[in-house]
Amino acid sequence: GAQVWRRGGAVVVVGRNPDGAALLGALRADGISAVDVLVVTAPGHSTASRLAPLLDRIPVRLTLAPPRTPVPNAIAATPGSVVTAGPLRIEIAGMGPPLEVRVGSTRAAGAR
């Protein structure tokens, strides 16, 4: 499965081992035509093949995945990594497996 965050035009998707075709359909049904950040939380070769229908048909600006997960163009996530997409802040809080990911507001992070 996957969780989707939308805020200020930014789209973040976090999924353990999502079915790319089903996720593509759900994103399109919600009017989403591009993803700013995709975080794949589960390692493994099956993850790459399951995501292919999504990655082949929708632009993804940044993909984070566990090290050695063969998802095309993915950057290996490391503990403590933080990226932002518009007003959304994505933090890799733990390596698991699966990756522990926190998504929140950049405003809330700046208020600490």
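Everything here concerns the structure above.
Everything numeric here is computed off the predicted structure, so don't read it as measured data. Position numbers for residues count from 1 along each chain, tracking the sequence in the order it is written. The predicted origin of the model limits local features to residues at a pLDDT of at least 70 and limits the giving and counting of side-chain atom pairs to 80 or more, whereas totals for whole chains, interfaces and linings rest on all residues. Calculation of side-chain values draws on the structure's entire complement of heavy atoms; hydrogens and water are dropped beforehand.

A. Up close: the packing of helix α1 (residues 20-29) against helix α2 (residues 45-55). Every axis in this analysis is a line fitted to C-alpha atoms, fitted for helices over the stretch in contact. Angles between the N-to-C directions lie between 0 and 180 degrees. Numbering goes from the N terminus for both helices and strands, where a helix is a DSSP run of H or I of at least four residues and a strand is a run of E of at least two. Closest axis-to-axis distance for the α1/α2 pair is 6 Å, and the angle between their directions is 30 degrees. Comparing the axis directions of α1 and α2 gives the class roughly parallel. The chirality of how α1 crosses α2 is right-handed. Across the interface between the two elements, Gly20, Ala21, Leu23, Leu24 and Leu27 from α1 touch Arg50, Leu51, Pro53 and Leu54 from α2. For the contact of α1 with α2, a count of residues per class yields 7 nonpolar, 1 polar and 1 charged. Convention used here: angles under 35 degrees read as roughly parallel, angles over 145 as roughly antiparallel, angles from 65 to 115 as roughly perpendicular, and any remaining angle as oblique. When the near helix sits turned anticlockwise from the far one by under a right angle, the crossing is termed left-handed; a clockwise turn instead gives a right-handed crossing. The criterion used for residue contact is that any of the two residues' heavy atoms lie within 4.5 Å. Here the nonpolar group is Ala, Val, Leu, Ile, Met, Phe, Trp, Tyr, Cys and Pro; Asp, Glu, Lys and Arg are the charged ones; every other residue, Gly included, is treated as polar.

B. The pattern of salt bridges, seen in detail. Any Lys or Arg side-chain nitrogen found within 4 Å of a carboxyl oxygen on Asp or Glu counts as a salt bridge. One pass over the structure, following the stated rule, counts 3 salt bridges. A salt bridge links Glu91 to Arg89; the nearest nitrogen and oxygen atoms lie 3.3 Å apart. Arg89 shares its class with Glu91; the two are buried. For Glu100, the salt bridge identified is with Arg102, shortest N-O distance 3.3 Å. A 1.4 Å probe rolled over the protein chains alone gives each residue an accessible area, and that area as a share of the maximum for its type sets the label: buried under 20%, exposed over 50%, partly exposed in between.

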